[in-house]
Amino acid sequence: MYKSIIINCNIATMDSKIDAEYGIIKDGAIIIDEDEIIWVGKKSELPEAPEETATTIHDLDGKWISPGLIDCHTHLIYAGNRANEFEQRLNGASYEEISKQGGGIISTVNNTRKASKEDLFKSAMKRMVSMIKSGVTGFEIKSGYGLDTETEAKMLSVATNLRDNMGVKLQRSFLGAHAIPPEYKDRPDEYIDLICNEMIPYLFANNLIDAIDAFGENIAFTPEQVRRVFDKAKEFNIPIKLHADQLSNQKGGKLAAEYQALSAEHLEYVDEESLIAMKLAGTVATILPAAYYFLRETKQPPIDKFREHGINMAIASDCNPGSSPITSPLLVMNMACILFKMTPLEALQGMTTNAAQALGWQNELGSIKKQMRADLAIWDISDLSELSYNIGH
């Protein structure tokens, strides 16, 4: 006997072998043992009757079930908020101007450095619980609000505690190259020395890194500085991702592809050369519509070009205090459709199969099939398009 069986459900497997869209199985069943999917198919094709298959039977009475959603780009751990900057932007200040005045990322750094592990855990847990209630079972959490070895380690330790206490799949991404800390003002290369020579070896030795990210931008780090961080990541065989081409074309997509990055993220200003490189490298384009919305940007990521080049598109919340204080994955999906004219299918793929690929989890999460992890979301809906149609509910 297996642990449990789910019956009388409509399944969006997101398995391309079933069909090119949602991989739908009507009146389906799923057999689960421990955390693994043992069997999925039509209820009528079950090898044995449900009561002879599993000790627990879950009858969904016709509800829909999908892979658990995956939020593959978050800054979930931070202290304080930046509501004052929200007001500044509404009064005409740009994100770049606020950053140069000592606001932006650095203001969150100052608050996060002062915060205890316990306080960071409690505030991040509230945000995570909100997302779990909306169907998220897999998370990426970036550091980057410490910008010194002690605080970066503190943030990644909190991420580890969230993973172990909340029962979710979680990737811990080290984003030391997020901004230049105040004590290294006008000395960015020396800060990169600290990241490469101290932070990465220390965090790796203490098992606190699953991936390494960087912010390649004209208000952050140059391509040459990012390369130094990525070269060090390669020494430790740590997967790579990149905040790329958000505010200007820095050829970030091409740089990410050169290092076989899992994903390049934002990409509003990405160019054709970078897109070709990303396709060849299998680098996922991670789209962040809530940040675009919240910052009132006007330059959209080139969705049609991603489609034209066959580049998989993930969608994520970018949950952070400065440019995307959001904890609703369904609202993010709605924004992707309304703002960027993505389809409901692309939105759901963006938070399941493609999000899994953006984290290197495609053999474990993101679709419902045999031997995958049984992270599932049950929806009281009549049609899958409702997940993007309803505004945040």
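The following paragraphs examine the structure supplied in this document. (Residues numbered from 1 in each chain as written. Predicted model: local features only at pLDDT ≥ 70, side-chain atom pairs only at ≥ 80, totals over all residues. Heavy atoms only, no water.)

### Structural notes on the packing of aromatic side chains
Applying the stated criterion across every chain yields a total of 7 aromatic pairs. With a centroid separation of 5.6 Å and an interplanar angle of 50°, the aromatic rings of Y184 and Y191 are classed as tilted. For the pair shown, Y184 and Y191 are each scored as buried. Aromatic pair F230 and Y259: ring centres 5.4 Å apart, planes at 70°, arrangement edge-to-face. In this pair, F230 is assigned in helix α8 (residues 223-235) and Y259 in the loop between α9 (252-258) and β11 (263-266), connecting sequence segments 29 residues apart. The same class applies to F230 and to Y259, which are both buried. Through a chain of ring-to-ring contacts, three or more aromatic side chains come together here, namely Y184, Y191 and F221. In this structure, R127 is placed above the aromatic ring of Y78, and the distance from its NZ or CZ to the ring centre is 3.8 Å. (Phe/Tyr/Trp six-rings, centres within 6.5 Å; stacked < 30°, edge-to-face > 60°. Buried < 20%, exposed > 50% of the residue type's maximum accessible area, 1.4 Å probe, protein only. Helix = DSSP H or I, 4+ residues; strand = E, 2+ residues; numbered from the N terminus. Lys NZ or Arg CZ within 6 Å of the ring centre and 35° of its normal.)

### Quick notes on helix α7 (residues 188-205)
For α7, with 18 residues, the first-to-last C-alpha span of 25 Å sits near the 26 Å given by 1.5 Å per residue. When the local axis directions of α7 are compared, the greatest deviation, roughly 35°, occurs at I195. Among all positions of α7, only Y191, I192, L194, I195, C196, M199, I200 and L203 are buried. Contacts made by the buried residues of α7 are with α6 (149-166), β8 (169-177), β9 (211-216) and α8. Directly after α7, the chain includes N207, whose backbone phi takes a positive value near 55°. (Expected span 1.5 Å × (residues − 1). Bend = angle between axes of the 7 residues up to and from the residue. Contact = heavy atoms within 4.5 Å.)

### Here we look at the packing of helix α5 (residues 117-133) against α6
At a minimum axis distance of 10 Å, the contact between α5 and α6 shows a crossing angle of 45°. By the criterion of interaxial angle, the relationship of α5 to α6 is oblique. The handedness of the crossing between α5 and α6 comes out as right-handed. Residue-level inspection shows K117, L120, F121, A124, M125, M128, V129 and I132 of α5 in contact with α6, the latter providing K154, S157, V158, N161, L162, N165 and M166. Residues belonging to the contact of α5 with α6 are distributed by class as follows: 10 nonpolar, 3 polar and 2 charged. (Axes fitted to C-alpha atoms, helices over the stretch in contact; angles between N-to-C directions. Parallel < 35°, antiparallel > 145°, perpendicular 65-115°, else oblique. Left-handed = near helix turned anticlockwise from the far one by under 90°. Nonpolar A, V, L, I, M, F, W, Y, C, P; charged D, E, K, R; others polar.)

Just geometry here; none of it tells us what the structure is for.
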